[in-house]
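What the coordinates show
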Amino acid sequence: MSAGLRRASRHQEEKDDDVPQWIPGLGQDKPKPRTLGTSFFGYVPDAFVEKTPYLPSEQSADALKKEAAVEPEKAAEQVADALEQEIVPRDSIERNGQRDMDASSDEGVVTEEVIVPRRAGQASAEPWDVLSPVDIEDGSGVREVASSLVREALTSASSLLKEGEEVEEEEEKDERAKDPTTGRSAQNRLLIKGGRVVNDDMMQDADVYIEDGIIKQVGTNLHTPGGTRVIEAKGHLVMPGGIDTHTHMQMPFMGTQAIDDFYTGTRAALAGGTTMIMDFALPQRGESLIEAFHRWRTWADAKVCCDYALHVGVTWWSDKVAQEMEELTNEQGVNSFKMFMAYKDTWQLSDEELLESFKRCKELGALAQVHAENGDIIKENSKKLLELGITGPEGHEMSRPEEVEAEATNRACVLANQIGCPLYICTITSKLAASALGQNLRRGTLVWGETIAAALGTDGSHYYNPCWQHAAGHIMSPPLRNDPQTPGFLMELLDVGDLQTTGTDNCTFSAAQKALGKDDFTKIPNGVNGVEDRMSVVWEKGVVSGKMDPCRFVAVTSTNAAKIFNIYPKKGRVAVGSDADIVVWNPHATRVISAKTHHQAVDFNIFEGMEVHGIAEYVVCHGRVVVEEGEVRAISGMGKYVPTPVFNPHVYGRLEERERANAPCKVERAPYEGPVAQLNGQGMQEGGIIPVQQETFYTRGPTRSGGVNLHDSSFHVSGAQVNDKSPKRPSVKVNNPPGGRSSGSFW
């Protein structure tokens, strides 16, 4: 026997002594193979040898291999006979005894979509399979037998590889037909590996395993089934998808309709890392709230690329509105209603109507929202400015000064607090309004505040730009403030908690639509973009500037919104059981915002030319990769309507205890038994005011000579005079008073 064959035989005998050939009952269950090991830098001996004891069906193949090591010629004849009689499966020999690992079984330990090395076609990989020069010179026929075995194994391996590739291509075609969202095989299993998971309260280095649109595991060294797609997230942040609390897609407004519909708007949202929007169904005055809600659902359901929820506007008040609010909360999954303190003669409610709507929201367990501006003052200011000839976009900001927003913000907080109704202030853009909200918050009012990406990323100086189109492109309500310090001030309030959420008020109109108000700023359609750029703008102005950390970023862009509107932790968190709406965020990458490259339909971008750090490199929605390295692969209709339940514990959880603690208490005292003054027989009227029945000027009698008593007053609160009813006495004009005239030739 040659030296090489002796070494191989001795190694095989040692291995057979260590591992038993048969364990009773082992064949009843599928064996669990060990993890296939290899070194990163080189070959590890015996790395791919199967350590699991063989089943009886594999013993014949193993016996043939051992005989081949001793008598190659005889072994070759036995292999040929076995193949002809199909005693030994060809696959078992080609794989050199190594069994397949079931990729679909949970018993495996494969955690990546990797190709497991096969022994077939690599017989010379092990040191004991290499023929020495001495063996070749012996002329014992070993060379021919070994060559034939190698050729046969290589041929079989190549055919198997070709068949496998054809099967994979067919499966990929079928899966692509089922799921056109991606350009590759549709997989319901995904592993985000090596990233740093960021939630509102913690950061940790962990992998995230997703299956069927739900987060199944978060941690390290996860056990995942085969066929799992892997996203390498090393150096990236893995965060919950953003939630935009304030959008208006394809909304009819001021005689036209927003140019971004639910398809282009939500597709752009995904491109920027937002995986859910919250839009508004706004009925016209006198229109049914139910009809408006279903109209918005019809527009959205067929087009949305991401999940969405709906707030409903209360634009008028009656008993019918109160009944429909109950139906919307009980049957349609609506837990928030928006009231307007602006837009006089269209959507504006009076203080009395606001109180009634707040009462109804509290009864239903819903959250009341307000657009806080004093509509009466705005109308008066607009009229005054137009009379002065100010018709351009600057008039919009002039007619809505900061104190107009601050007054309405404070008034809304006071009214809601008197009712005990939780309140949400939309679209805060000024320092004074934000300060008013913070003061009410510290007084114990249940109030939350929202600012928008536009107010954080730019300011109102653009209203005074000499280009009308540029200035009109920034028109929105409340307006941006002509103060460069306001964006930083609002960002600081987001960090400390005076403001809680960031929306966009995304309501886009083209330049031609804005031109409807070219001669009258009150007719310029209000609205700007932001749904795509919100996450990057907040990251740039908040995290990059050092005003907040990544955890607070997650809170103000996602988690707080989920908590306030009662969809947490289904949304707004990377945790086991949460929806697989995830953003793999690259904090180091940069991009320049421009209308030429954004995904929205509008032809203008208020952040034009702004360079931002932080890009959503991968976006996962419903467990599917919908954005990959800047390419959006979302399709219309893949999003879902998300119901928002009422009586949110985050909003209403402390209300009952608060009302019990602050309930007014009656003071127990003895009844009053003293004298009670008489009111001249007139009695008390409603409100405690005594009406005047007649005008009485004198309380003192006349003098003894019958004249008016000069010690008596003739004053009356009505303004009447004592001689109003006396006839006028005739008078004579005196031309020459005593002493002579004061003018004339004499002087």
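Structure's up top.
The sections below set out a description of the structure shown in this document. Residue indices follow the written sequence of each chain, beginning from 1 at its first position. Reporting in this predicted model follows two pLDDT cut-offs: at least 70 for local features of residues, and 80 or more for side-chain atom pairs to be given and counted; totals over whole chains, interfaces and linings ignore these cut-offs and use all residues. The basis for every side-chain value is the complete set of heavy atoms in the structure, and neither hydrogens nor water enter the calculation.

On to the environment of Gly577. The numbering of helices and of strands both runs from the N terminus, where a helix is a DSSP run of H or I of at least 4 residues and a strand a run of E of at least 2. Considering the arrangement of structural elements, one finds Gly577 in the loop between helix H20 (550-564) and strand S18 (582-592). Gly577 sits in the partly exposed class, given a relative accessible area of 49%. Sequence separation between Gly577 and Ile210 is 367 residues; the distance between their C-alpha atoms is 9.7 Å. Those residues in contact with Gly577 that lie beyond four places of it in its chain are Ile214 and Ile215. Classification of residues uses two cut-offs on accessible area relative to the type maximum, computed with a 1.4 Å probe and protein chains only: under 20% is buried, over 50% is exposed, and between them is partly exposed. Contact between two residues is taken to exist if any of their heavy atoms lie within 4.5 Å; hydrogens are not considered.

Turning to the sheet that holds strand S5 (residues 214-219), a few remarks are in order. As summarised here, the arrangement of the four strands in space is S5-S4-S1-S6, forming an open sheet in which the pairing is mixed. The sheet terminates laterally at S5 and strand S6 (229-232), the two strands that pair on one side only. The average angle at which neighbouring strand axes cross in this sheet is 20°, direction not considered. Strands are labelled as partners when DSSP assigns at least two bridges between them. One ladder, built from five bridges, connects strand S4 (residues 207-211) with S5; its direction is antiparallel. Interaxial angle, 0 to 180 degrees, is taken between N-to-C directions of lines fitted to C-alpha atoms, where a helix line uses only the stretch in contact.

With that settled, consider the sheet that holds S18. The strand order across the open sheet built from seven strands is S3-S2-S7-S18-S19-S20-S21, with neighbouring strands paired in mixed fashion. With one partner strand each, in any of the chains shown, strand S3 (203-205) and strand S21 (631-632) form the two edges of the open sheet. Where strand S2 (residues 196-198) meets strand S7 (residues 237-240), two bridges bridge the pair, whose relative direction is parallel. Among the inter-strand pairings, Arg196 is bridged to a residue of S7, identified as Leu237.

Once that is clear, we can look at the packing of helix H9 (residues 319-331) against helix H10 (residues 351-364). Helix packing for two helices is described by the angle between their axes and how far apart those axes are. Between H9 and H10, whose axes approach to 10 Å, the crossing angle comes to 30°. Taken together, H9 and H10 sit at an angle that is classed as roughly parallel. For H9 against H10, the interelement crossing comes out right-handed. Taken together, the residues of H10 that come into contact with H9 (itself represented by Ala322, Gln323, Met325, Glu326 and Thr329) are Ser357, Arg360, Cys361 and Leu364. Its residues assigned to classes, the contact of H9 with H10 comprises four nonpolar, three polar and two charged. Oblique is the label for any angle not under 35 degrees, not over 145, and not in the 65 to 115 range, which are roughly parallel, roughly antiparallel and roughly perpendicular in turn. Handedness of a helix crossing follows the sense of rotation of the near helix relative to the far helix, less than a right angle counterclockwise being left-handed and clockwise being right-handed. Each residue is assigned to one of three groups, with Ala, Val, Leu, Ile, Met, Phe, Trp, Tyr, Cys and Pro labelled nonpolar, Asp, Glu, Lys and Arg labelled charged, and all others, Gly among them, labelled polar.

This brings us to helix H11 (residues 375-387). The length a helix should cover is 1.5 Å for every residue beyond the first. If you check H11, its first and last C-alpha atoms are 19 Å apart, about what 13 residues at 1.5 Å a residue would give, namely 18 Å. Turning to H11, its buried residues number three or more, namely Gly375, Ile378, Asn381, Ser382 and Leu385. Angularly, the buried residues of H11 cover 120° about the axis, an arc narrow enough to put them on a single face. Set apart from the buried face of H11 by more than 90 degrees, the exposed residues are Lys383 and Glu387. At its buried positions, H11 is contacted by helix H12 (394-398) and helix H13 (402-419). Here a polar contact is recorded for every N or O atom pair within 3.5 Å, except that within protein the pair must consist of a potential hydrogen donor and a potential acceptor, and residues adjacent in sequence are included only if both atoms are side-chain atoms. The backbone nitrogen of Asp376 has a side-chain oxygen 3.2 Å away, supplied by the residue at the start of H11, namely Asn374. With its phi angle positive at about 85°, Gly389 sits one or two positions after the end of H11. Throughout, the arc means the angular range of directions from the helix axis out to the C-beta atoms.

Moving on to the side chain of Glu402. Residue position: Glu402 is located in helix H13. One buried charged residue, Glu402, remains without a salt bridge, the closest side chain of opposite sign being Arg481 at 5.0 Å. Under the counting rule used here, the positive set is Lys and Arg, the negative set is Asp and Glu, and His together with the chain ends is not counted. A carboxyl oxygen of Asp or Glu within 4 Å of a side-chain nitrogen of Lys or Arg is what we treat as a salt bridge.

Any Phe, Tyr or Trp ring, taking Trp's six-membered ring, that has another such ring centre within 6.5 Å forms a pair; planes under 30 degrees apart are called stacked, those over 60 apart edge-to-face, and the others tilted. The final tally for this structure, using the stated rule, is 14 aromatic pairs. Ring plane angle 90° and centroid distance 5.0 Å describe the contact between Trp539 and Phe553, whose orientation is recorded as edge-to-face. Note that Trp539 is positioned in helix H19 (residues 534-544) and Phe553 in helix H20, a separation of 14 residues in sequence. For Phe553, a relative accessible area of 0% puts it in the buried group. By way of ring pairs, the aromatic residues Phe253, Phe340, Tyr343 and Trp347 are connected into one cluster. Only lysine NZ and arginine CZ atoms are considered, and such an atom sits over a ring when it is within 6 Å of the ring centre and within 35 degrees of the ring normal. Its end group placed over the ring of Tyr641, Arg297 keeps NZ or CZ at 4.1 Å from the ring centre. Positioned above the aromatic ring of Tyr568 is the side chain of Lys563, whose terminal nitrogen or guanidinium carbon lies 5.1 Å from the ring centre.

With that settled, the discussion passes to the nonpolar core. Remark: nonpolar core denotes a set of buried residues (Ala, Val, Leu, Ile, Met, Phe, Trp, Tyr, Cys) joined through side-chain atoms within 4.5 Å. Formed by 114 residues in total, the largest nonpolar core has its most connected members in Phe337, Met339, Phe358 and Leu423. Element by element, the count of residues in this core is highest for H13, at six residues. Not counting residues within four places of it along the chain, the set of residues in contact with Phe358 comprises Met339, Ala368, Val370, Ala412, Leu415, Ala416, Ile419, Cys421 and Leu423.

In terms of residue burial, strand S16 (residues 447-452) counts as a mostly covered element, since six of its six residues are buried. Of the two faces of S16, both are covered, the one formed by Val447, Gly449 and Thr451 as well as the one formed by Trp448, Glu450 and Ile452. Note that strand S15 (residues 423-426) and S16 share three bridges and pair parallel. The residue of S16 that forms the bridge with Ile425 is Gly449. Tracing the backbone out of S15, into helix H14 (residues 431-442) and back to the parallel element S16 gives a crossover that is right-handed. For S16 and strand S17 (residues 501-503), the ladder comprises three bridges, and the chain directions are parallel. Its bridge partner lying in S17, Ile452 is registered against Gly503. When the strands point away from the viewer, a crossover counts as right-handed if the path from the first strand over the helix to the second runs clockwise.

What follows is about the environment of Met548. Mapped onto the fold, Met548 is located in the loop between H19 and H20. Look at Met548 and you get buried, because its relative accessible area is 6%. Between the C-alpha atom of Met548 and that of Val538, which follows or precedes it by ten residues, the distance is 9.7 Å. Aside from chain neighbours lying at most four places away, what touches Met548 is Met491, Leu494, Asp495, Gly542, Val543, Phe553 and Val556.

When the terminal C-alpha atoms of H20 are compared, their 20 Å separation across 15 residues agrees well with the 21 Å that a helix rising 1.5 Å per residue should span. We define the bend at each residue as the angle formed by axes fitted to the 7 residues ending at it and the 7 residues starting at it. Along H20, the sharpest change in direction is near 50° and occurs at Val556. For H20, a buried count of 14 out of 15 residues is recorded, marking the element as mostly surrounded by other parts of the structure. Positive phi shows up at Asn566, right after H20, with a value of about 65°.

To continue, consider the side chain of Thr256. Mapping Thr256 onto the fold places it in strand S10 (residues 256-257). On the basis of relative accessibility, which here comes to 19%, the residue Thr256 falls in the buried class. Sequence-distant contacts of Thr256, that is, excluding residues within four places in its chain, are made with Met251, Phe509, Gln513, Leu516 and Pro525.

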